[in-house]
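# Per-entry structural report
Here is what each chain is made of, one letter per residue.
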Amino acid sequence: FIKVNNFLCSKIIGAKYYNILQNFTEDDMISPRDTNGHGSHCASTVAGNSVNSVSLFGLASGTSRGGVPSARIAVYKICWNKGCQVIDMLAAFDEAIDDGVDIISASLESPSIQHFPYFKSVFDVASFYAMRKGILTSQAAGNSGPSLYTMSYHAPWLLSVAATTFDRKIVTKVQLGNGVVYEVSFV
C-alpha cells in the first residue's frame, strides 16, 4: 500500500520513474508522482472505483466508475517538462514486461502526426514485444480527430483508445437576477 496525503491507496501497487539522461528542469518533481493530472485522469478512466451521486452541475445524476474498478496500477512515469524520451519509454516497457503487468496503458502521443511503416516506430517495436509476451498495449489515439489519418500509432497489435462525446442533451432553466428565464442545454 502506498500512503498518499494521509490516505492508503491500494490501487497503486508500484511506482517508478525514468529519466535516464537526467534531463530535468527545476520545476520537475523527481518522483513517479503525477504533476499535471494527465496520468491520474487516465488511471481513473481505467481503474477508478465506483462513485455514487455524480452529476454534471447537478444534472444527470448517477454512478461513475472506471472500466475495471478492481484493477491495480503500476506507474511508470517517463514524461517531464521537457517532454518524453524514447530511451525512457523503452526502459519503462522493458520493466513493465519484466514486472508481469497484464496491460500497458500508454497515453502517449507523437508531437505531430506521423505515419510509420510497421516496425519503423520504436513504439510499435516496444508494443509488439509486449504483445509477444501476452501483454496488451492500449494506446491513446490522440487529440487530432475525428478526421481520417490522425493517429500516429495504428499497428494491429495495439488497442487505440479515443475520447468521444455522449449523445444526450441535458436541458435546464436558468433565471437571471432580472427575472428573465432562459432554457439552456449541455451537449
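The text that follows walks through the structure, step by step, so that each part is easy to find.

Conventions used here
- Residues numbered from 1 in each chain as written.
- Predicted model: local features only at pLDDT ≥ 70, side-chain atom pairs only at ≥ 80, totals over all residues.
- Heavy atoms only, no water.
- Helix = DSSP H or I, 4+ residues; strand = E, 2+ residues; numbered from the N terminus.
- Buried < 20%, exposed > 50% of the residue type's maximum accessible area, 1.4 Å probe, protein only.
- Axes fitted to C-alpha atoms, helices over the stretch in contact; angles between N-to-C directions.
- Parallel < 35°, antiparallel > 145°, perpendicular 65-115°, else oblique.
- Contact = heavy atoms within 4.5 Å.
- Pairing = 2+ DSSP bridges.
- Salt bridge = Lys/Arg side-chain N within 4 Å of Asp/Glu carboxyl O.
- Core = buried A, V, L, I, M, F, W, Y, C linked by side-chain atoms within 4.5 Å.

## Things to note about the environment of methionine 131
- The topology assignment puts methionine 131 in helix α3 (residues 122–132).
- Methionine 131 sits in the partly exposed class, given a relative accessible area of 34%.
- For methionine 131 and isoleucine 103, which are 28 residues apart along the polypeptide, the C-alpha to C-alpha distance reads 9.5 Å.

## Quick notes on the packing of helix α2 (residues 86–99) against α3
- Viewed as axis vectors pointing N to C, α2 and α3 meet at an angle of 5°, and their least axial separation amounts to 10 Å. Considering their axes alone, α2 and α3 lie roughly parallel with respect to each other. Taken together, the residues of α3 that come into contact with α2 (itself represented by Val86, Met89, Leu90, Phe93, Asp94 and Ile97) are Val122, Phe123, Ala126, Ser127, Tyr129 and Ala130.

## Focus: the sheet that holds strand β11 (residues 158–161)
- In spatial order, the strands read β9-β10-β11; together these three strands make up an open sheet with parallel pairing. Because the sheet does not close on itself, it has two edges, and the strands there are β9 (103–106) and β11. Averaged over all pairs of adjacent strands, the angle between their axes in this sheet comes to 20°, without regard to strand direction.
- One ladder, built from four bridges, connects strand β10 (residues 136–140) with β11; its direction is parallel. Bridge assignment links serine 138 to a residue of β11, and that residue is leucine 159.

## Points about the environment of threonine 137
- Assignment of secondary structure puts threonine 137 in strand β10.
- For the pair threonine 137 and serine 160, spaced 23 residues apart in sequence, the C-alpha separation works out to 8.6 Å.

## A few points about the pattern of salt bridges
- All chains considered together, the criterion is met by two salt bridges.
- Lysine 16 is paired through a salt bridge with glutamate 95; the nearest N and O atoms lie 2.8 Å apart. One end of the pair, lysine 16, is in strand β3 (residues 12–17); the other, glutamate 95, is in helix α2, with 79 residues separating them in the sequence.
- Assessed through its relative accessible area of 26%, lysine 16 is described here as partly exposed.
- A salt bridge links aspartate 99 to lysine 16; the nearest nitrogen and oxygen atoms lie 2.8 Å apart. Of the two residues, aspartate 99 sits in helix α2 while lysine 16 sits in strand β3, which places them 83 residues apart along the sequence.
- Its relative accessible area of 41% is what places aspartate 99 among the partly exposed residues.
- Residues joined in a network through salt bridges with shared partners are Lys16, Glu95 and Asp99.

## A few points about the nonpolar core
- Counting residues in hydrophobic clusters, the biggest one holds 20 residues, and the most contacted among them are Phe93, Ile104 and Phe123.
- Counting residues per element, the ones that place at least two in this core are α2, β9 and α3.
- The element contributing the most residues to this core is α2, with five residues.
- Residues within four places of isoleucine 104 in sequence aside, it is in contact with Phe93, Ala96, Ile97, Ala130, Ile135, Leu136, Thr137 and Ser138.

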